[in-house]
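# Survey of secondary and tertiary structure
So you can see what is in the structure, the chains are spelled out below.
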Amino acid sequence: MTTKLKQDVTFFEALKWASLCIKDKNIETDEVQFLLLNQMNWDLTTLLRNYRTKMTVKEREEFINNVNRLINGEPAQYIIGKTYFYGYPIKVDQNVLIPRPETEELVEWILADYSKQPLKVLDIGTGSGAIAISLKKQRPDWQITASDISTDALKVAKSNAQLNGVKINFVESDLLAKFAGKKFDVIVSNPPYIAYDEKRLMDQDVIDYEPQLALFAKHEGLFIYERLAKEAGNYLTDSGSLYLEIGFHQGQSVIKLLEDSYKTADTILRQDLAGHDRMIKMDLKENNNGN
Ligand SMILES: C[S@@+](CC[C@H](N)C(=O)[O-])C[C@H]1O[C@@H](n2cnc3c(N)ncnc32)[C@H](O)[C@@H]1O
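Residues numbered from 1 in each chain as written. Predicted model: local features only at pLDDT ≥ 70, side-chain atom pairs only at ≥ 80, totals over all residues. Heavy atoms only, no water.

As a reminder, the rule being used: UniProt positions are given in the numbering used here, feature names are shortened, and annotations may be inferred rather than shown by experiment.
In the nomenclature of an unreviewed UniProt entry, the chain corresponds to Release factor glutamine methyltransferase from the organism Fructilactobacillus sanfranciscensis. What UniProt states about the chain under its Function (unreviewed entry) heading is, verbatim, "Methylates the class 1 translation termination release factors RF1/PrfA and RF2/PrfB on the glutamine residue of the universally conserved GGQ motif." In its Catalytic activity (unreviewed entry) section, the UniProt entry covering the chain states "L-glutaminyl-[peptide chain release factor] + S-adenosyl-L-methionine = N(5)-methyl-L-glutaminyl-[peptide chain release factor] + S-adenosyl-L-homocysteine + H(+)".

Take a look at the structure:
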């Protein structure tokens, strides 16, 4: 239950009220501010300049409603319908995972490995399109294809490509099923990798609001990696590379899957900024027999 917010209220008073409402609720003050900034379409400076401005009735009601949704556990990004990934605006709804900062580090890795040469890239399980869009924004010459098994996720991804003014080839596909005969220089994927029995350890808000299809995978979370380890090599050029995001405890298992399938490939395991194992790169070398 939130306390009531009086009628005639300034933006400063509204923020103060919201801070009291979220006290002891495991919600950061930043999230409330994020709600207000995005509701008003303001930057922080504009908010500071407007601290003493009175809110209109409509603004006040929308803010109260948004704060209540936040208190009920809905992620701020879904309430606002937007987040930022690699500095780019990305629309999100409950059909797509809210892209995480760790995934920006995977994008960073690919960008650091390839500078200007034109590449063909496939992003598998694109969700909101975050990885594909940021790669295309950073490397306009690259030919980027993005796929997902979810029709609804692809709709969001397409509208994000439009929002960011980039051209991406979107394909609805169960992993590589629709790519027969195609070859890519880079395949990247942040697939669902949480084991079903990890559910009980997870933040309830993630379970309640984010799409199950984006989160969970069979075989202790390894199912999609098992399939990619079998299939990806057939869709990579001879010197192509596969980049994967992984769960922090999956590094050795995923490397083994890849090395079992591609005997002469090089695999590198990398940590995220928090120091957790988070991503793997596999360089497929020429004359690799695959599986
Ligand atoms: C963890 S989310 C990643 C979304 C986005 N790439 C990101 O990093 O924010 C995984 C995505 O994989 C998609 N997915 C799940 N199973 C799939 C499959 N068999 N083939 C293709 N996409 C799949 C889900 O719909 C979801 O959008």
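## Examining the site of the ligand
Short version of the rule: Throughout this document, a residue counts as near a molecule or strand when at least one of its heavy atoms sits within 4 Å of that molecule or strand. Nitrogen and oxygen atoms within 3.5 Å of one another constitute a polar contact, given that in protein one can donate a hydrogen and the other can accept it, and given that sequence-neighbouring residues count only through two side-chain atoms. Every accessible area reported is derived by Shrake-Rupley at a probe size of 1.4 Å, with residue values counting cover from the shown protein chains alone.
Around the ligand, the surrounding shell holds 19 residues, and the nearest of these are G125, D148, D174, L175 and N190. At a separation of 3.3 Å, a nitrogen atom of the ligand approaches a polar backbone atom of I149. With respect to the ligand, the side chain of D174 contributes an N or O atom lying 2.8 Å from a nitrogen atom. When the free accessible area of the ligand is taken as 600 Å², the share hidden by the protein chains comes to 96%.

## Quick notes on helix α11 (residues 223-231)
Put simply, the rule is: Type-normalised accessible area, obtained with a 1.4 Å probe on protein chains alone, sets the label of each residue: buried when under 20%, exposed when over 50%, and partly exposed for intermediate values. Strands are runs of DSSP state E lasting at least two residues, helices are runs of H or I lasting at least four, and both sets are numbered from the N terminus onward. This arc describes the spread of directions from the helix axis toward the C-beta atoms. Should any heavy atoms of two residues lie within 4.5 Å, those residues are counted as being in contact.
Turning to α11, its buried residues number three or more, namely I224, Y225, L228 and A229. The arc enclosing the buried residues of α11, seen along the axis, measures out at 135°, which places them on a common side. Tucked into the core, α11 has its buried residues touching β3 (120-124), β6 (184-189), β7 (236-245) and α12 (251-261).

## Things to note about the nonpolar core
Just so we agree on the cut-off: To define a nonpolar core, start from buried Ala, Val, Leu, Ile, Met, Phe, Trp, Tyr and Cys residues and group those joined through side-chain atoms within 4.5 Å.
By size, the foremost hydrophobic cluster in this structure holds 37 residues, and its most contacted members are I110, V121, L135, W142, I168, V188 and Y243. Elements with a minimum of two residues in this core: β2 (88-91), α6 (101-113), α7 (130-138), β4 (143-148), α8 (151-163) and β6. In this structure, I124, M202, V206 and L222 belong to the second largest nonpolar core, which totals 36 residues.

## Considering the UniProt feature "binding site: substrate" (unreviewed entry) in the chain
Under the UniProt annotation, "binding site: substrate" (unreviewed entry) lies at N190, P191, P192 and Y193. Excluding its chain neighbours within four sequence positions, the residues that come into contact with P191 are I224, Y225 and E245. Residue position: Y193 is located in the loop between β6 and α9 (204-209). Assessed through its relative accessible area of 15%, Y193 is described here as buried. Those residues within four positions of Y193 in sequence are excluded, and the remaining contacts are L215, A217, G221, Y225, E245, I246, G247, Q250 and R278.

## Considerations on the pattern of salt bridges
Under the convention used in this document: Definition used for salt bridges: Asp or Glu carboxyl oxygen within 4 Å of a side-chain nitrogen of Lys or Arg.
Evaluated as defined, the whole model comprises 11 salt bridges. A salt bridge links D8 to K54; the nearest nitrogen and oxygen atoms lie 3.7 Å apart. On the criterion of sequence distance, the pair formed by D8 in the segment before α1 (11-22) and K54 in the loop between α3 (44-49) and α4 (57-71) is long-range, its members being 46 residues apart. We note a salt bridge from K281 to D283, for which the minimum N-O separation is 3.6 Å. The exposure class of K281 is buried, given its relative accessible area of 9%. Residues joined by salt bridges that share partners form a network here, namely D113, K281 and D283.

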